[in-house]
Amino acid sequence: MDDVEFGQHAKLIKDNKVFDEMFNRVRTKYQNMWAGTEPQQGDLRERLYNTIVALTDVKKEIESVATLGDNVAYNKEMEDFK
């Protein structure tokens, strides 16, 4: 799968109406779980925090791949146009 095709698949995910809502729901769930922990529950707090960070990274990566696919496709069109 090349960058354009990979980006097109990522864009389908990103443009789906539930994409942002799903990530927000899951992030909120983990944030609420983190907020409900006690300070002495360091391991659990750290795991929940790292999960929130990883979730954000996954969302950003999907968005980045979608943008990259668009850029590669555009650059190919420009090269073909010349």
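These numbers were taken from a predicted model, which means no experiment stands behind them. (Residues numbered from 1 in each chain as written. Predicted model: local features only at pLDDT ≥ 70, side-chain atom pairs only at ≥ 80, totals over all residues. Heavy atoms only, no water.)

**Some details on the overall build of the chain**
Here comes step 1: Counting its secondary structure elements, the chain contains three helices and zero strands.
Here comes step 2: When the helices and strands of the chain are placed in sequence order, the string is α-α-α.
Here comes step 3: Relative to the compact-globule value of 12 Å for 82 residues, the chain shows a C-alpha radius of gyration of 18 Å, a clear excess of over 25%.
Here comes step 4: Considering only C-alpha atoms, the chain reaches an extent of 65 × 25 × 20 Å along its principal axes.
Here comes step 5: A buried classification covers 18% of the 82 residues belonging to the chain.
Here comes step 6: In the chain, the proportion of contacts linking residues at least 24 apart, taken out of those at least 6 apart, comes to 69%.
Here comes step 7: Accessible surface, the chain: about 6400 Å² in total, of which carbon and sulfur atoms supply 53%.
Here comes step 8: If you average the places of the 12 positive and of the 16 negative side-chain charges in the chain, the two averages end up 7 Å apart. (Helix = DSSP H or I, 4+ residues; strand = E, 2+ residues; numbered from the N terminus. Rg over C-alpha atoms; globule rule 2.2 N^0.38 Å. Buried < 20%, exposed > 50% of the residue type's maximum accessible area, 1.4 Å probe, protein only. Contact = heavy atoms within 4.5 Å. Areas by Shrake-Rupley, 256 points an atom, 1.4 Å probe, with all protein chains shown as cover. Lys, Arg positive; Asp, Glu negative; His and termini not counted. Charge placed at Lys NZ, Arg CZ, Asp CG, Glu CD.)

**Focus on the pattern of salt bridges**
Here comes step 1: By the definition in use, this model includes five salt bridges.
Here comes step 2: A salt bridge links Glu21 to Arg25, with the nearest nitrogen and oxygen atoms 3.0 Å apart. In this pair, Glu21 and Arg25 are both assigned in helix 2 (residues 19-35), four residues apart and thus about one turn of the helix distant.
Here comes step 3: A relative accessible area of 53% means that Arg25 is categorised as exposed.
Here comes step 4: Through salt bridges that share partners, Asp20, Lys59 and Glu63 make up one connected network. (Salt bridge = Lys/Arg side-chain N within 4 Å of Asp/Glu carboxyl O.)

**Points about the nonpolar core**
Here comes step 1: Core analysis: the biggest nonpolar cluster contains seven residues, these being Ala10, Phe19, Phe23, Leu55, Ile62, Val65 and Ala66.
Here comes step 2: Broken down by secondary-structure element, the contributors of at least two residues to this core are helix 2 and helix 3 (42-81).
Here comes step 3: Beyond its immediate stretch of four places on either side in the chain, Val65 contacts Phe6, Gly7 and Ala10. (Core = buried A, V, L, I, M, F, W, Y, C linked by side-chain atoms within 4.5 Å.)

Function-wise, these values are silent; they only describe arrangement.
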